Amino acid sequence: MSSGLKLDRVDTAYAEKANELLKKNRNWLRHGKGTTAGKIDEMLLHGATIDQMAKGAKTTKATVSVHLSHLRKVHKLAIVKKDGVLRYDVKKMDGKK
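To start, this report covers the structure provided alongside it. In this numbering scheme, every chain counts its residues from 1 along its sequence in written order. For this predicted model, a pLDDT threshold of at least 70 governs which residues receive local features, and a threshold of 80 or more governs which side-chain atom pairs are given and counted, while totals over whole chains, interfaces and linings are taken from all residues. Each side-chain value is worked out from all heavy atoms of the structure, with water and hydrogens disregarded.

Let's shift gears to the overall build of the chain. Only runs of H or I of at least four residues qualify as helices and only runs of E of at least two qualify as strands under DSSP, and these elements are numbered from the N terminus. Along its length, the chain carries five helices and two strands. Reading the chain from its N terminus to its C terminus gives the helix and strand order α-α-α-α-β-β-α. Over its C-alpha atoms, taken along the principal directions, the chain stretches across nearly 45 × 35 × 25 Å. Working definition: with a 1.4 Å probe on protein chains only, accessible area under 20% of the residue-type maximum means buried, over 50% means exposed, and in between means partly exposed. Counting over 97 residues, the chain shows a buried share of 27%. Here the analysis covers contacts within the chain between residues at least 6 apart in sequence; of these, 36% occur between residues at least 24 apart. Carbon and sulfur atoms provide 55% of the accessible area of the chain, an area that totals close to 7200 Å². We call two residues contacting when some pair of their heavy atoms lies within 4.5 Å. Per-residue and other accessible areas follow the Shrake-Rupley method at a 1.4 Å probe size, with only the shown protein chains counted as cover for residues.

What follows covers the layout of surface pockets. Once rolled over the atoms, a probe with the size of a water molecule shows which space is left empty. Estimated volume of the largest pocket: approximately 190 Å³. Both cavities and pockets are sets of points on a 1 Å grid over the protein atoms alone; in a cavity a 1.4 Å probe fits but cannot get out, in a pocket the set is open with protein on both sides within 12 Å along at least five of seven lines, and lining residues sit with an atom within 4 Å of a point. Lining of the largest pocket is provided by W28, L29, L44, L45, L77, R87, Y88, V90, M93 and D94. Under the scheme applied here, ten amino acids are nonpolar (Ala, Val, Leu, Ile, Met, Phe, Trp, Tyr, Cys and Pro), four are charged (Asp, Glu, Lys and Arg), and all others, including Gly, are polar. By residue class, the composition of the lining of the largest pocket is eight nonpolar, no polar and two charged. Grid points are joined across faces, edges and corners, and a volume is the space filled by probe spheres set on the points.

For helix α2 (residues 36-46), every residue scored as buried is listed here: A37, G38, I40, D41, M43 and L44. Here the buried face of α2 lies against α3 (50-56), α4 (61-73), β1 (79-82) and β2 (85-88). In the segment just after α2, G47 is the residue with positive phi, at about 95 degrees.

Our focus in this paragraph is the nonpolar core. For soluble globular proteins, nonpolar side chains are generally found buried alongside one another. Residues belong to one nonpolar core when they are buried, are Ala, Val, Leu, Ile, Met, Phe, Trp, Tyr or Cys, and are joined through side-chain atoms within 4.5 Å. Counting 15 residues, the largest nonpolar core has L44, M53, L71, I79 and Y88 as the members making the most contacts within it. Taken together, the elements giving at least two residues each to this core come down to α2, α3, α4 and β2. Dropping the residues within four chain positions of it, I79 is found in contact with L44, L68, L71, R72, L86, R87, Y88 and D89.

Turning next to the packing of α2 against α4. Between α2 and α4, the shortest axis-to-axis distance is 11 Å and the interhelical angle comes to 70 degrees. Here α2 is positioned roughly perpendicular relative to α4, judged by the angle of their axes. Residue-level contacts link T36, A37, I40, D41 and L44 of α2 to T63, V64, H67, L68 and L71 of α4. A class-by-class count of the residues in the contact of α2 with α4 yields six nonpolar, three polar and one charged. Here an axis means a line fitted to C-alpha atoms, over the contact stretch when the element is a helix, while the angle between two N-to-C directions is reported on a 0 to 180 degree scale. Put simply, angles under 35 degrees are roughly parallel, angles over 145 are roughly antiparallel, angles from 65 to 115 are roughly perpendicular, and the rest are oblique.

Pasting the structure below:
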């Protein structure tokens with residue numbers, strides 16, 4: 001049994017919200033699972049180039065770029081590019097960078 005962490009309540013609330021979104025076939029950003037946007041969202045968790053995202057989401061590089069702008073402007077998410085690979089910059093969003 002765990003000793004109970006400070007973040008247990010926050011994590012449980014997040015898990016409940018995530019579960020509700022899954023029931024509605026939505027991801028954590030409220031984009032449809034299996035949609036172009038949803039696929040790009042997922043690929044950014046692991047890191048991918050724009051070409052890889054376009055191919056994986058079966059769309060154009062222009063559409064990927066538009067969605068990346070959406071993530072930055074509307075969702076206020078930090079995305080970092082290193083050696084051509086883009087991914088969410090979680091450290092920056094957590095204020096650690």
